[in-house]
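Examining the three-dimensional arrangement
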Amino acid sequence: MKAVSPSTMRKMDQTAVETYEIPGVVLMENAGREVALAVKNMWDYQKKDKRPANMTKVVLFCGKGNNGGDGFVAARHLANMGFDTNVFIIANPSSITGDAAINLKIAKNMGLKIKVIDEETDLNAVMKMTSNASILVDAILGTGLKGDVRGIARNVIEMINKSEIPVIAVDIPSGICGETGKVLGNAVKAEQTVTMAAPKIGLLLYPGVEYVGKLIVADIGMPINLIESNEAEAEFLDCKWVSNCFKEYPPDAHKGTFGKVFVIAGSYGMTGAAALSAEAAVRSGAGLVILGIPESLNDILEVKLTEAMTIPLPETPERCISIAALDKALQFANQSKVVVLGPGLSAKNETKQFVMQFILNCKVPMVIDADGLNALAEYPETLNKAQAPVIITPHPGEIARLLSITSSEVQQDRISSVKTAAKRFGCTVVLKGARTLVATSEGKLFINPTGNAGMATGGSGDVLSGIIGAFLARGMKPYEAAAAGVYLHGLAGDLAAREKGEICLAAGDIIDYLYKAIKDIKEYKDAQRTFKYQTYLG
């Protein structure tokens, strides 16, 4: 599903009006009607769920822009449905222009109850009038908001959040940045958000996600070819997109068909990272997995792993991979389709030297994670000298070191960070975390909706590196392997959490549930049926 920035959505609106000659008032009419239907559906659900809904009172808070105009339309439709509709305008009515002014005039002509909130002193009366409402509608501020919410609008938002009455937000909760998901001073906490035509990026990223509630993407009559032809800023991953990454293979396929993955990982005390990455690659469909491990640890891994082969590599006195392992490792790499480099390698100086030289001389695609990234921190431009495509999988701290910024700066604008890294280092970048992001050096961006807090546990990233390596070995393009990998990694974690709970979730559980996640994707592709986990918008 395409996700767009507010500026792109405005261009689409403009094209719809100017090129397709769809009057803006028609688009606003459709948007407002969809909001009204969402209110009706929520009210019906409240009755069915036996929650207090004996009252039909709905209160709409409307600003002066098109967001408020959508609210005026919704108020009219709700009144026609029999609701006791009350509208509060958070602006001087004389400042309302264009299509919004047309719909405000219609609402007035219908005799709807409309009041203006001019001053903070008005809020006490507003609170009394809204206290017995079933649902509130937030149509105060739209996606064009840049600075922090101020003045009476901020006071109204605080009042709405204190009311404990369910809220439906129009297009975006007021106070959320449509570009980044940042809270601009204060924001409405909605139970549902009805966004128009396509999801805005800010609705899909934290912390904005926590304010959106259930996200409904409303059809407002935007021409489908306009939506499909538009260069969206991001792809919001779903089952349909991921399933298309898996191509069909002939029935006489053999293990060579599915590629050989060479995992270089592990050190004294970190054999678990190596085992998790290798086993994840096996479970994700690689034809053959070979684990390169410090030679004194080889016996341990031979016992721990069954399906993966192990190769002992020269080591340092600290039982980490040494620079002496370079020639042997490169020999095995050149016989493989993909290399996974980094899980549990350690931060020893000689191991760092090995990593740097290996990256410069390896001729097959690489997935670089963990200590592989730590070794690059001082000389990240080494990535630009790689001889084959590279995927890196940093968490915020690791990408911060590569970019010479702080983790907090990364988290404040994750999209900018991941896109900057991908362009600067000429590789595909997976920025891990809640709503993992994947960016390519060509500017493609993917937002992953799957995963849960229980996956924030040691070894989870090692599992991801193995999954991506296997998908790359099976013939996916680097961005496909990365995007499909994070989606299925998160989905397997979600399936595991449903059975075991988030608190008890371990990295190995993600591997155990991979088969269910991949099986569901395969069934979707085979049957082209509606997939029960397809929509991860909440």
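Structure shown above.
Parameters at a glance
Each chain carries its own residue numbering, running from 1 in the direction its sequence is written. Predicted model: local features are reported for residues with pLDDT of at least 70 only, side-chain atom pairs are reported and counted for 80 or more only, and whole-chain, interface and lining totals are derived from all residues. Note: side-chain values were computed over all heavy atoms of the structure, leaving out hydrogens and water. A pair of strands is labelled paired if DSSP reports no fewer than 2 bridges between them. Strands here mean DSSP runs of E at least two residues long; helices mean DSSP runs of H or I at least four residues long; both are numbered from the N terminus. What makes two residues a contact is simply this: any of their non-hydrogen atoms within 4.5 Å. Between N-to-C directions, angles cover 0 to 180 degrees, with each direction set by a line fitted to C-alpha atoms, over the stretch in contact for helices. Exposure classes here rest on a 1.4 Å probe applied to the protein chains alone. A residue is buried below 20% of its type maximum, exposed above 50%, and partly exposed in between. This arc is taken over the directions from the axis of the helix to the C-beta atoms. Any Lys or Arg side-chain nitrogen located within 4 Å of an Asp or Glu carboxyl oxygen qualifies as a salt bridge. Every helix has an expected span of 1.5 Å times one less than the residues it contains. Handedness of a crossover: with both strands directed away from the viewer, a clockwise path from the first strand across the helix to the second marks it as right-handed.

1. Here's the deal with the sheet that holds strand β17 (residues 437-439)
Spatially, β1-β9-β18-β17-β16-β15-β14-β13-β10-β11-β12 is the arrangement adopted by the eleven strands of the open sheet, whose pairing is mixed. The two strands at the open ends of the sheet, each matched to only one other strand, are β1 (2-3) and β12 (309-313). Pairing between strand β11 (residues 288-294) and β12: five bridges, direction parallel. Bridge pairing links isoleucine 290 to methionine 309 in β12. Across the sheet, helix α14 (residues 349-361) is in contact with β10 (260-264), β13 (338-341) and β14 (366-368); its angle to β13 comes to roughly 160 degrees. Contacting β16 (428-431), β17 and β18 (445-447), helix α18 (residues 414-425) crosses the sheet at an angle of about 35 degrees to β17.

2. Observations regarding helix α5 (residues 123-130)
Turning to α5, its buried residues are Leu123, Val126 and Thr130. Looking straight down α5, one finds its buried side chains confined to an arc of 55 degrees; they lie on one side. Away from its buried face by more than 90 degrees, α5 exposes Asn124 and Lys128.

3. Some thoughts on the pattern of salt bridges
With the rule as written, the count across this model stands at nine salt bridges. Salt-bridge contacts for aspartate 171 lead to lysine 200; the nearest nitrogen and oxygen are separated by 3.1 Å. Taken together, the residues span a long stretch of sequence, with aspartate 171 in the loop between β6 (167-170) and β7 (192-196) and lysine 200 in the loop between β7 and α7 (201-204) at a distance of 29 residues. Of the two residues, aspartate 171 and lysine 200, both sit in the buried class.

4. Thoughts on helix α20 (residues 478-500)
The end-to-end C-alpha distance of α20 is 32 Å, a good match for the 33 Å that 23 residues give at a rise of 1.5 Å each. Taken across its 23 residues, α20 has 19 buried, putting it largely inside the fold.

5. Re the pairing of β11
For β11, the buried fraction is high: seven of the seven residues fall into the buried class. Pairing analysis gives five bridges linking β10 to β11, with the strands arranged parallel. By the bridge assignment for β11, phenylalanine 262 is matched with isoleucine 290. Viewed along the sheet, the connection from β11 through helix α12 (residues 298-304) into β12 turns out right-handed.

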